[in-house]
Amino acid sequence: MTPEDEQDSPAERKMRFMYQLRSRGVTDPRVLNSMELIDRGLFVRGQFADRAYEDTPLPIPCGQTISQPSVVGLMTQALNPGPRDTVLEVGTGSGYQAAVLSGLCRRVYTVDRHRRLVQEAEAIFAEMGFSNITAQIADGSRGLPDQAPFDRILVTAAAEDPPGSLLAQLKIGGIMVVPVGQSDAVQTLIRVTRSETGFDYDELRQVRFVPLVEGLGQT
Ligand code: SAH
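To start, this report covers the structure provided alongside it. Since the structure is predicted, the reported quantities are computational estimates derived from the model, not experimental observations.

Conventions we followed
Residues numbered from 1 in each chain as written. Predicted model: local features only at pLDDT ≥ 70, side-chain atom pairs only at ≥ 80, totals over all residues. Heavy atoms only, no water. Pairing = 2+ DSSP bridges. Helix = DSSP H or I, 4+ residues; strand = E, 2+ residues; numbered from the N terminus. Axes fitted to C-alpha atoms, helices over the stretch in contact; angles between N-to-C directions. Contact = heavy atoms within 4.5 Å. Near = heavy atom within 4 Å. Polar contact = N/O pair within 3.5 Å; in protein donor to acceptor, adjacent residues only side chain to side chain. Core = buried A, V, L, I, M, F, W, Y, C linked by side-chain atoms within 4.5 Å. Buried < 20%, exposed > 50% of the residue type's maximum accessible area, 1.4 Å probe, protein only. Phe/Tyr/Trp six-rings, centres within 6.5 Å; stacked < 30°, edge-to-face > 60°. Lys NZ or Arg CZ within 6 Å of the ring centre and 35° of its normal. Expected span 1.5 Å × (residues − 1). Arc of directions from axis to C-beta.

### A look at the sheet that holds strand β7 (residues 170–180)
Strand order across the open sheet formed by seven strands is β5-β4-β3-β6-β7-β8-β9, with mixed pairing between neighbours. Bordering the open sheet on either side are β5 (133–137) and β9 (199–207), each of which pairs with just one other strand. Sheet twist, expressed as the average angle between the axes of neighbouring strands with direction ignored, equals 15 degrees. Bridging between strand β6 (residues 150–155) and β7 involves four bridges; their strand directions are parallel. In the strand pairing of β7, I153 is matched with M176. Packed on one face of the sheet, helix α4 (residues 69–79) meets β3 (86–90), β6, β7, β8 (187–194) and β9 and runs near 155 degrees to β7. Packed onto the sheet, helix α6 (residues 115–128) meets β4 (107–112) and β5 and runs at close to 160 degrees relative to β5.

### Quick look at the site of the ligand
Around the ligand sit 27 residues, and of these S94, D112, D139, G140 and V213 come closest. Within the backbone of G91, an N or O atom sits 2.9 Å from a nitrogen atom of the ligand. In this structure, D112 approaches the ligand through a side-chain N or O atom, which is 2.6 Å from an oxygen atom. Within the residue set of the shell around the ligand, elements represented by two or more residues are β2 (64–66), α5 (96–102) and β4. For the shell around the ligand, the leading source of residues is β2, giving three residues.

### A few points about the nonpolar core
One broad rule of soluble globular proteins: the nonpolar side chains tend to lie buried together. Grouped together as the largest cluster of nonpolar side chains are 45 residues, with contacts concentrated most on F43, Y96, F125 and V177. Elements supplying a minimum of two residues to this core: α2 (10–23), α3 (29–37), β1 (58–60), α4, α5, α6, β5 and β7. Sort the elements by how many residues they give to this core and α4 lands first, with six residues. Sequence-distant contacts of V177, defined by excluding residues within four places in its chain, comprise M75, A78, L79, I153, L154, V155, L189, I190 and R191.

### Thoughts on the packing of aromatic side chains
Ring pairs (aromatic) are described by centroid distance and by the angle formed between their planes. Applying the stated criterion to the full structure yields four aromatic pairs. The interplanar angle of 65 degrees and the centroid separation of 6.2 Å between the aromatic rings of Y109 and F150 together place this pair among those described as edge-to-face. Of the two residues, Y109 is situated in strand β4 and F150 in strand β6; the sequence distance between them amounts to 41 residues. Look at F150 and you get buried, because its relative accessible area is 0%. One residue, R40, lies across the ring of Y96, its end atom 5.9 Å from the ring centre. The ring centre of Y109 lies 5.9 Å from the NZ or CZ of R107, which sits over that ring.

### Examining α6
Note on helix geometry: an α-helix contains 3.6 residues per turn, so any two residues three or four positions apart are oriented the same way. Compared with the 20 Å implied by 1.5 Å per residue over 14 residues, the 20 Å span of α6 between its first and last C-alpha is a close match. Within α6 the residues assigned to the buried category are L117, V118, A121, I124 and F125. End-on view of α6: buried residues confined to an arc of 130 degrees, all on one side of the axis. Every exposed residue of α6 that faces more than 90 degrees away from the buried side is listed here: A126 and E127. Against the buried residues of α6 lie β1, β2, α5, β4 and β5. Trailing α6 by a residue or two, G129 shows a phi angle of about 75 degrees, which is positive.

See the structure below:
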């Protein structure tokens, strides 16, 4: 530790974290407020724990990653969840994105293909009292038919195209945000809005996510 790190109090770290979010385009006050309240440090364990407040993706178990905070902010902002909305998140990962969503909508369903990630995230949700989040082990490329349709769907793994079953589970007027492109390349984050007559697509920015993989994981 350098003397500078020692002087870096939790309040200063949080201030720097919030400043980075704003400077990278997260401007929605509700999203900023939610991200100020949720401690990302809870969702990053082990050797990377001390980097939880940097604006960078970090490794989590099962070979996956917790997304970059500014990307979490920009995706949440694009999703624009309302207080009465039911949201499906595909790709629970660490649980951080679901926690950020929990204060912004009525209910969050979050699914992951890895049992271990779902169990660890559930333990944090229970400990922190995020009682409106339901985490399930499932292949999210098929959505969550039992709870459909959804007001909002957020996919935090990259698909080659927006999965048809997810589009079908979006309400009319609903919004889906999904990174689209080849899994090993830079992908494009897109926002899909469902209207009475079809789907409108907006390209938002370039991103890099782990791939959406069909079927359940081994662990
Ligand atoms: N939103 C997470 C980061 C997700 S990383 C966070 O806040 O930490 C992407 C996650 O998508 C990984 O955990 C991976 O296991 C999961 N995933 C990939 N394909 C999936 C599928 N078909 N169904 C459910 N989860 C999937």
